[in-house]
Amino acid sequence: MAYNLLKGKKGIIFGALNEQSIAWKVAQRAVQEGAEIVLSNAPIALRMGELNKLAEECNAPVIGADVTNNDDINNLFTKTLEHFGGKVDFILHSIGMSVNVRKNIPYFENNYEFTHKGFDISALSLHRILQAAMKHDAINEWGSVLALSYIAAQRYFPGYNDMADNKAVLESIARNFGYEYGMAKKVRVNTISQSPTRTTAGSGVKGFDGFIEFAEKMSPLGNADADQCADYCVTLFSDLTKMVTMQNLYHDGGFSFTGVTQAVIDQMAK
């Protein structure tokens, strides 16, 4: 059901790769709620071709951008402002990658060249995007920027590796820029700490199915899926949440505040 929460609003969705992607679901929901969007991803992702399917469905242009390249990001904002004939109202940052994770390199043996690459893509990219947005004055007052995070930013999860570091920095950037952008233009910046979700990126983490099963047993409401995350993103893009900023918002069925559940106790007692 649509509520026209984003009627007349315009936004940029970073990171939609395929139908498993949370960003893919957010793009669909945003359009259902009345928004117009631009889709962006890295050139290597665009060559896979799946994003064209979403672009056609959402009647949205695709503007490629390597988020580790300032020129690409500036070009994205220039073309987006030209396309819309004005500023945007929301941005979704759904970007994350770890070469150390992909290559199954243990955290205590991380290759630092790989670490730097993952940090640049997964965390520093949010800073680059927000810096460029401010320089281009690209976001309307009371606009909303969201980045997707995970509770491993606060707690240890085996196999999540340097992505935990990246998410911690991502949340810090959101807090700091949330203050700066809020003071400058009333733009709000938040992160969403989502339940473990079967996406292409998440599936690369060793033992990720175990994360999902454990979280399901630990959450009074169960795990939040990608469609439900998209619903939450829409509310945070909307005018109903104008005073929410600098927050890391848990969207995890209660997992983050549950010490232990009977289901987990029973499992351990077997």
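- The protein carries the name Enoyl-[acyl-carrier-protein] reductase [NADH] in an unreviewed UniProt entry, which gives Mucilaginibacter rubeus as its organism.
- If you open the UniProt record of the protein and go to Pathway (unreviewed entry), you find "Lipid metabolism; fatty acid biosynthesis."
- UniProt, in its Catalytic activity (unreviewed entry) section for the protein, records the words "a 2,3-saturated acyl-[ACP] + NAD(+) = a (2E)-enoyl-[ACP] + NADH + H(+)".

### Observations regarding the environment of D225
Phase 1 of the analysis: In this fold, D225 is placed in the loop between α8 (208–218) and α9 (226–237).
Phase 2 of the analysis: A C-alpha to C-alpha distance of 17 Å links D225 and G15, two positions 210 residues apart in sequence.
Phase 3 of the analysis: There is a polar contact of 3.2 Å between the side chain of D225 and the backbone nitrogen of D227.

### Describing a nonpolar patch on the surface
Phase 1 of the analysis: Residues Y179, M183 and M246 make up a contiguous nonpolar surface patch of about 320 Å² in total accessible area.
Phase 2 of the analysis: Structurally, the position occupied by Y179 is in helix α7 (residues 162–185).

### A short note on the packing of aromatic side chains
Phase 1 of the analysis: Using the criterion set out here, one finds seven aromatic pairs in the structure.
Phase 2 of the analysis: Between Y150 and Y160, the ring centres sit 5.1 Å apart and the planes meet at 50°, which makes this aromatic pair tilted. With Y150 in the loop between β4 (139–149) and α7 and Y160 in the loop between β4 and α7, this residue pair connects regions lying ten residues apart in the sequence.
Phase 3 of the analysis: Taken together, a centroid distance of 6.4 Å and an interplanar angle of 50° make the contact between F177 and Y181 tilted.

### Thoughts on the pattern of salt bridges
Phase 1 of the analysis: Tallying each qualifying case throughout the model produces nine salt bridges.
Phase 2 of the analysis: For E19, the salt bridge goes to K53, with nearest N and O atoms at 2.3 Å. In this pair, E19 is assigned in the loop between β1 (10–14) and α1 (22–32) and K53 in helix α3 (residues 51–58), connecting sequence segments 34 residues apart.
Phase 3 of the analysis: According to the relative accessible area criterion, E19 is partly exposed, its value standing at 41%.
Phase 4 of the analysis: Note that D227 is salt-bridged to K25, the shortest N-O span being 4.0 Å. Here the residue D227 occupies a position in helix α9, and K25 occupies one in helix α1, the gap between them amounting to 202 residues.

### Digging into the sheet that holds strand β2 (residues 36–40)
Phase 1 of the analysis: In spatial order, the strands read β2-β1-β3-β4-β5-β6; together these six strands make up an open sheet with parallel pairing. The open sheet has two edge strands with one neighbour each: β2 and β6 (248–251). On average, each strand axis in the sheet is tilted by 20° relative to the strand beside it, whichever way the strands run.
Phase 2 of the analysis: Across four bridges, β1 lies against strand β3 (residues 88–93) in parallel orientation. When the bridges of β3 are listed, F14 appears paired with H93.

### Quick word on the UniProt feature "active site" (unreviewed entry) in the protein
Phase 1 of the analysis: As recorded in UniProt, the sites labelled "active site" (unreviewed entry) are Y150 and Y160. Checking the annotated residues one by one, the ones that line the largest cavity turn out to be Y150.
Phase 2 of the analysis: The buried category is assigned to Y150, whose relative accessible area is 6%.
Phase 3 of the analysis: Filtering out sequence-adjacent residues up to four positions away, Y150 remains in contact with F157, Y160, K167, E171, S193, Q194, S195, P196 and F211.
Phase 4 of the analysis: A relative accessible area of 8% places Y160 in the buried class.

### Side note on the packing of α1 against α3
Phase 1 of the analysis: Running from amino to carboxyl end, α1 crosses α3 at an angle of 10°, the nearest separation of the two axes being 10 Å. Relative to α3, α1 is oriented roughly parallel. Of the residues in α3, those in contact with W24, A27, Q28 and V31 of α1 are L51, K53, L54, E57 and C58.
Phase 2 of the analysis: Taken together, the residues that form the contact of α1 with α3 break down as six nonpolar, one polar and two charged.

The rules behind each value
Residues numbered from 1 in each chain as written. Predicted model: local features only at pLDDT ≥ 70, side-chain atom pairs only at ≥ 80, totals over all residues. Heavy atoms only, no water. UniProt positions renumbered as here; feature names shortened; annotations may be inferred. Helix = DSSP H or I, 4+ residues; strand = E, 2+ residues; numbered from the N terminus. Polar contact = N/O pair within 3.5 Å; in protein donor to acceptor, adjacent residues only side chain to side chain. Patch = residues over 30% accessible without salt bridge, like charges linked within 9 Å, V, L, I, M, F, W, Y side chains within 5 Å. Areas by Shrake-Rupley, 256 points an atom, 1.4 Å probe, with all protein chains shown as cover. Salt bridge = Lys/Arg side-chain N within 4 Å of Asp/Glu carboxyl O. Phe/Tyr/Trp six-rings, centres within 6.5 Å; stacked < 30°, edge-to-face > 60°. Buried < 20%, exposed > 50% of the residue type's maximum accessible area, 1.4 Å probe, protein only. Pairing = 2+ DSSP bridges. Axes fitted to C-alpha atoms, helices over the stretch in contact; angles between N-to-C directions. 1 Å grid on protein atoms, 1.4 Å probe; cavity = no way out; pocket = protein on both sides within 12 Å on 5 of 7 lines; lining within 4 Å. Contact = heavy atoms within 4.5 Å. Parallel < 35°, antiparallel > 145°, perpendicular 65-115°, else oblique. Nonpolar A, V, L, I, M, F, W, Y, C, P; charged D, E, K, R; others polar.

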